[in-house]
Amino acid sequence: MPETAATDFDFESYIADIPDYPEPGVVFKDITPLFADANAMRQAITALADHFRGRGVTKVIGPEARGFMVGVPVALELGAGFIPARKPGKLPRETVSISYELEYGTDTLEIHADALEPGDRVLIIDDLVATGGTVAATGKLVQNMGAELIGYGCILELAFLNPRDALAASGDQELFSLVKVS
C-alpha cells in the first residue's frame with residue numbers, strides 16, 4: 001500500500017503500475033508519467049529540495065541515469081553542485097569507484113576523484129530506491145572520500161524490499177521518499 005510524503009500533492013497518481021514487466025509476477029512502477037508532467041515534476045523537485053533545505057548541502061550526487069534527471073534540478077533548488085555517479089569508463093578524468101552487490105552479481109559506480117573534498121555536505125538523490133544497494137554504495141563512496149553524507153532522497157521507495165536495512169549499514173542518515181510502496 002503506497003504512502004505519500006508529508007505534502008498535499010498526489011505523487012502516487014503519476015506512477016503507473018505495469019503488471020508482468022519485466023517478467024511475469026512483477027508489477028513495475030513507472031515514474032515516467034511524473035517526469036512528463038511539468039507541474040508534477042516541479043512539485044517533486046520542490047518537495048525533495050524543501051525537505052533538505054537548510055542543512056548546508058554543498059553537493060548532490062545522482063546515480064546513473066535517472067538520478068541525473070532528479071538530482072540536477074534538486075541541486076539547483078538547493079544552490080549546490082551536482083556530481084554524476086557513472087558506470088565505469090564514462091567519466092573523462094581520474095575517478096574513484098566503488099563496487100557493490102546486486103541480486104545477481106555486482107556493479108560499480110565512479111565519480112571524478114576531485115569531485116568531493118572534506119567539508120562537502122552531500123545529498124544523494126535518485127528516482128527510485130528499491131533494495132538500497134546503489135544509493136548505499138554511493139553513500140559509502142562519499143564517506144570514503146572524506147565528505148559528510150547528509151542523507152538520501154527519492155521519488156519512490158519500494159519499502160517492501162527493505163532498502164533502509166542496506167542504508168543502516170552505512171550510518172544513520174535519513175532516507176526521505178515522496179511515495180513509499182509497502
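It should be noted that the structure appears before, not after, this text.
Please read all numbers here as calculations on a predicted model, not as lab measurements. (Residues numbered from 1 in each chain as written. Predicted model: local features only at pLDDT ≥ 70, side-chain atom pairs only at ≥ 80, totals over all residues. Heavy atoms only, no water.)

Engineer: I keep staring at the packing of helix α2 (residues 38-52) against helix α3 (residues 66-78) and nothing clicks. Help me out?
Structural biologist: Axis angle and axis distance: for two packed helices, these are the angle between their axes and the distance between the axes, and together they describe the pair. Their axes nearest at 9 Å, the elements α2 and α3 cross at an angle of 55°. On the basis of their axis angle, the class for α2 and α3 is oblique. Crossing angle aside, the handedness with which α2 passes α3 is right-handed. Taking contact as the criterion, the partners of Met41, Arg42, Ile45, Leu48, Ala49 and Phe52 in α2 are, on α3, Met69, Val70, Pro73, Val74, Glu77 and Leu78. Looking at the contact of α2 with α3 residue by residue, the classes come out as 10 nonpolar, no polar and two charged. (Axes fitted to C-alpha atoms, helices over the stretch in contact; angles between N-to-C directions. Helix = DSSP H or I, 4+ residues; strand = E, 2+ residues; numbered from the N terminus. Parallel < 35°, antiparallel > 145°, perpendicular 65-115°, else oblique. Left-handed = near helix turned anticlockwise from the far one by under 90°. Contact = heavy atoms within 4.5 Å. Nonpolar A, V, L, I, M, F, W, Y, C, P; charged D, E, K, R; others polar.)

Engineer: Would you explain the pairing of strand β9 (residues 148-157) in this entry?
Structural biologist: Along any regular strand the residues' side chains alternate between the sheet's two faces. With nine of 10 residues buried, β9 is to be regarded as a mostly interior element. With eight bridges connecting them, strand β8 (residues 121-129) and β9 associate as parallel partners. Considered in β9, the bridge of Asp126 is made with Cys154. In terms of handedness, the path from β8 via helix α4 (residues 133-144) over to β9 forms a crossover that is right-handed. (Buried < 20%, exposed > 50% of the residue type's maximum accessible area, 1.4 Å probe, protein only. Pairing = 2+ DSSP bridges. Right-handed = clockwise from strand over helix to strand, strands pointing away.)

Engineer: I would appreciate a short explanation of α4 in the present structure.
Structural biologist: Side chains that are three or four residues apart share a direction in an α-helix, a result of its 3.6 residues per turn. Counted at 1.5 Å a residue, the expected span for α4 with its 12 residues is 16 Å, and the 16 Å between its end C-alpha atoms agrees. Each element contacted by the buried residues of α4 is listed here: β4 (59-63), β6 (95-102), β7 (105-112), β8, β9 and α5 (163-168). Just downstream of α4, Gly146 is the residue with a positive phi angle, here 85°. (Expected span 1.5 Å × (residues − 1).)

Engineer: Is there a simple way to explain α3 in this structure?
Structural biologist: Helix length check: α3, at 13 residues, gives a terminal C-alpha distance of 19 Å against a target of 18 Å (1.5 Å per residue), a fit within 8%. Restricting attention to buried positions, one finds in α3 the residues Gly67, Val70, Gly71, Val74, Ala75 and Leu78. Each buried residue of α3 sits inside an arc of 130° when the element is viewed along its axis, so together they form one side. Each element contacted by the buried residues of α3 is listed here: α1 (32-36), α2, β4, β5 (81-85), β8 and β9. Phi turns positive, to about 70°, at Gly79, one or two residues after α3. (Arc of directions from axis to C-beta.)

Engineer: Can you help me understand the packing of aromatic side chains in this one?
Structural biologist: The geometry of two aromatic rings is summed up by the distance between their centres and the angle between their planes. A full pass over the atoms with the stated rule returns five aromatic pairs. Ring centres of Phe9 and Phe11 lie 4.9 Å apart, and the angle between their planes is 55°; this geometry places the pair in the tilted category. Relative to Phe176, the ring of Phe52 lies with its centre 6.2 Å away and its plane at 80°, an arrangement referred to as edge-to-face. You can see Phe52 sitting in helix α2 and its partner Phe176 sitting in strand β10 (residues 174-181), a full 124 residues away along the chain. The same class applies to Phe52 as to Phe176, namely buried. (Phe/Tyr/Trp six-rings, centres within 6.5 Å; stacked < 30°, edge-to-face > 60°.)

Engineer: Explain the pattern of salt bridges here, please?
Structural biologist: One side chain can pair with another of opposite charge once the charged atoms of both are near each other. Scanning all chains against the criterion turns up 12 salt bridges. Across the pair Arg55 and Glu174 runs a salt bridge whose closest N-O atoms are separated by 3.1 Å. Taken together, the residues span a long stretch of sequence, with Arg55 in the loop between α2 and β4 and Glu174 in strand β10 at a distance of 119 residues. The shortest N-O distance in the salt bridge between Arg121 and Glu148 comes to 2.8 Å. Placement of the pair is Arg121 in strand β8 and Glu148 in strand β9, with a sequence separation of 27 residues. For Arg121, a relative accessible area of 25% gives the class partly exposed. Salt bridges here are not isolated pairs; linked through shared partners, they connect Arg42, Asp50, Arg53 and Glu77. (Salt bridge = Lys/Arg side-chain N within 4 Å of Asp/Glu carboxyl O.)

Keep in mind that these numbers describe shape and distance, not what the molecule does.
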